[in-house]
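Topology and contacts: notes
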Amino acid sequence: MPIADSSAVKDTKRILAQHQSALTLLQLIVSDPSLTKVEWLDLACGRGQIMLALEENLTPVARAKIIYNAYDADPRYLRETEKTASGLGFAAIKTKIGDLESFSLLADAAVVFDFVTFTNTAHEVRPSVLAKLLVDVVLRLSPRGYLFVYDMEYINPPELGAIAWSSAEFASIVKTLTKSLGNLCTSRLDAVENVV
């Protein structure tokens, strides 16, 4: 399910509050001396707006710990994000093209993430897809991992951070969340049993 009518923002003269908040959290993660690498998943990365303030927020040594995983449905956005990321001194840059509904099928199940950003997108995703996606992302977090979700909702006027789900949408989220948890936990347990 690509988000056909969405448009990713990239304004080089402006740092959005949600991106600054995410980078502050990332700064805390990479400053941990016990971590030699940090897997960062930028889910629905858009045009890479979140990275525009990275040089001001993270030292070159801190950026060198980051394995940046960009995921988006639009290959043009991924190319632009990869170009921005390539000049930041990350340990590695990985990109994956795919819609959010296919994330669990396309993402490498062996990789766990220390930091996941999901900004300005949740309001564009069907609640049932969002519930399954969030379960899959949470199950892929490292033991000390963080999921950062921040959104701009479709209420008028737009309000940063608000996700105003209706009762029917929330019921759909809970129903799909419960089902997804059961399915994903069962498949993960089966995988572990096959290894042992």
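Description of the structure in this document. (Residues numbered from 1 in each chain as written. Predicted model: local features only at pLDDT ≥ 70, side-chain atom pairs only at ≥ 80, totals over all residues. Heavy atoms only, no water.)

For the rest of this paragraph, the subject is the sheet that holds strand β1 (residues 38–43). Whenever strands of a sheet pair, they do so through backbone hydrogen bonds, lying parallel or antiparallel. Reading across the sheet, the 5 strands line up as β3-β2-β1-β4-β5 and stay open at both edges, with parallel pairing between neighbours. Among the strands making up the open sheet, the edge pair consists of β3 (92–97) and β5 (141–150). Neighbour-to-neighbour, the strand axes of the sheet open up by a mean angle of 15°, direction not taken into account. Here strand β4 (residues 113–119) runs beside β5; their pairing, made up of 6 bridges, is parallel. Bridge pairing in β5 places T117 opposite F148. Against the sheet, helix α4 (residues 75–86) engages β2 (66–72) and β3, with an angle of about 175° to β3. The strands that helix α6 (residues 127–139) touches are β1, β4 and β5; relative to β5, the one it contacts most, it runs at about 145°. (Pairing = 2+ DSSP bridges. Helix = DSSP H or I, 4+ residues; strand = E, 2+ residues; numbered from the N terminus. Axes fitted to C-alpha atoms, helices over the stretch in contact; angles between N-to-C directions. Contact = heavy atoms within 4.5 Å.)

For the rest of this paragraph, the subject is the environment of V174. Mapped onto the fold, V174 is located in helix α7 (residues 167–195). Looking at V174, the relative accessible area reads 37%, which means it is partly exposed. Along the chain, V174 and K132 lie 42 residues apart, while their C-alpha atoms are 9.8 Å from each other. (Buried < 20%, exposed > 50% of the residue type's maximum accessible area, 1.4 Å probe, protein only.)

The element β4 is largely enclosed, with a buried count of 7 among its 7 residues. Bridge analysis of β1 against β4 gives 3 bridges, and the strand direction is parallel. Among the inter-strand pairings, D42 is bridged to a residue of β4, identified as T117. Each parallel crossover has a hand, and for β4 linked through α6 to β5 it is right-handed. (Right-handed = clockwise from strand over helix to strand, strands pointing away.)

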